[in-house]
Amino acid sequence: MSVAGTKSSLLRGGIFAVVICSVLAAPAVVFFAQKVGVPLPPWLTGEDAAYLTGAVTEEGQGATSFLDGSFQNMVQADLDAHMPLKSSLLLTNARIQRGFIGISNALFHWPAYPTFFGSDYVFIPESGMLSGIPSTASDDTLSRLERFVGLYDGFAQRHPGIPVSFYCIPKEDFLASSPVASLVSAPYSDEVVKEHLLNSLQSVHVIDPSVSYPEFCEGYFSTDHHWNMAGAYEAYASIVEDLGWDGATVPIESVIEYAEPEFRGSLSRLGLYDVEKSDGMFDYDFDLPDYDVKLGEEGGSLELLVHRQMYEDGRWDPAPYTSRYAEYFHADKGHVEITNPEAPNHDSVLIVAYSYSNCVERLFASHFEKTYVYDPRASEGTLDEYMAEHPDITEVLFFLSPANIDTERAERILGAA
């Protein structure tokens, strides 16, 4: 071999070695760059991928973790979390798969098709909505719902003289009217929840939450499981009308629309369907009292519940997969307390809710002197114990979706103190 050929071969080998070493070292380089505070874009660091996959890195591993293998798993997960361009690879792979699925759909015209092969989420062409795939209403599911009739009634019966109501929030993968429901045999739907739980309640007043599928599409984000402000307001108005709360329904003064940031919600993230679709954030302006708000341990004003000033100032998280719903309204807290200095009465309401209440707590609060919001995910103990700690409560509203109506957590909070 000539000298020139040898040099050329060595050069190619050297370049190949550098490329391989760079690829292998990339996660460590990104990790240490972040540790020393070097600013890196989220698409490069793996931050975007963490939103997409829900990856969490554990800390505080001890010596025993090396022996049982958990330390090695932690290191592998940490390196994986810092893989450069991981989010782009995930999304591109899903997009390619979706292209092939779309070709098949053009021939077979399915009412919905998966966002990638093996996905638990589907795209509905007719409405442009994303949705989870409903589960099947098994015998165990029906038995569990029927058992919860006694738990909810039992709670109400232990608090005589305090009205207890239930509003079951519509959710995309529980809608019997959704095109997705036809893809599953015996889907676990809102109609099943009504038949086996809500219609059997004797001591709890049930508010009809029924919406048609077109109404649902108008009132919910297309890329997220939460409702938008239009759907939330309709639910609030129907509750006030049904229960006859003091004071008129808070009127909408104007619509506030935000051109940015784009909202790619939980269904988009989990279905890896973010590039083709996004939602816009909007809110309604209301003439509300000057509330005194306690959100968790933090005290303040209405801005704690709705971060309007933050959005008007453009101070949102630049990461494109941020949960805009939680960012604009507020993060979930186990205890929210709102005092209304202009209340039409001296009553107090307890709202048992998950994140769906975050955007309408300010409206509920206009009808009571004190509004308590109890989130079971971030709370300890039972509702009976919470009621004992707040003897001023005069009314209770369960404000839950079918996804959390009959869980182990629900069973815990409904247990007798």
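Everything discussed here concerns the structure shown above.
Points about the sheet that holds strand β9 (residues 298–300)
- A sheet is described by the order of its strands in space; here 8 strands give the open sequence β5-β4-β13-β11-β12-β10-β8-β9, paired in mixed fashion. The two strands at the open ends of the sheet, each matched to only one other strand, are β5 (205–207) and β9. Across the sheet, the mean angle from the axis of one strand to that of its neighbour is 15°, orientation sign disregarded.
- Pairing of strand β11 (residues 348–353) with strand β12 (residues 370–374) involves 5 bridges; the strand directions are parallel. Its bridge partner lying in β12, Ile351 is registered against Val373.
- The strands touched by helix α7 (residues 139–157) within the sheet are β4 (164–168) and β13 (395–400), with β13 carrying the most contacts at an inclination of about 160°.

Some points on α7
- The end-to-end C-alpha distance of α7, which contains 19 residues, comes to 28 Å, matching closely the 27 Å that a straight helix rising 1.5 Å per residue would cover.
- Buried within α7 we find Thr141, Leu142, Leu145, Phe148, Val149, Tyr152, Asp153, Gly154, Phe155 and Ala156.
- Buried positions along α7 lie against β4, α8 (190–196), α15 (383–389), β13 and α16 (408–414).

A word on unusual backbone geometry
- Omega for the bond connecting Glu260 with Pro261 falls within 30 degrees of zero, at 5°, which places this linkage in the cis form.
- With respect to the helices, strands and loops of the structure, Pro261 is situated in strand β6 (residues 254–263).
- Even without glycine at this site, His109 takes up a positive phi of about 55°.
- Tracing the backbone through its elements, the reader meets His109 in the loop between α6 (86–108) and β1 (113–114).
- On the basis of relative accessibility, which here comes to 63%, the residue His109 falls in the exposed class.
- Positive phi outside glycine occurs at Leu272, with the angle close to 50°.
- By the element assignment, Leu272 lies in the loop between α11 (266–270) and β7 (279–285).

Calculation notes
- Residues numbered from 1 in each chain as written.
- Predicted model: local features only at pLDDT ≥ 70, side-chain atom pairs only at ≥ 80, totals over all residues.
- Heavy atoms only, no water.
- Pairing = 2+ DSSP bridges.
- Helix = DSSP H or I, 4+ residues; strand = E, 2+ residues; numbered from the N terminus.
- Axes fitted to C-alpha atoms, helices over the stretch in contact; angles between N-to-C directions.
- Contact = heavy atoms within 4.5 Å.
- Expected span 1.5 Å × (residues − 1).
- Buried < 20%, exposed > 50% of the residue type's maximum accessible area, 1.4 Å probe, protein only.

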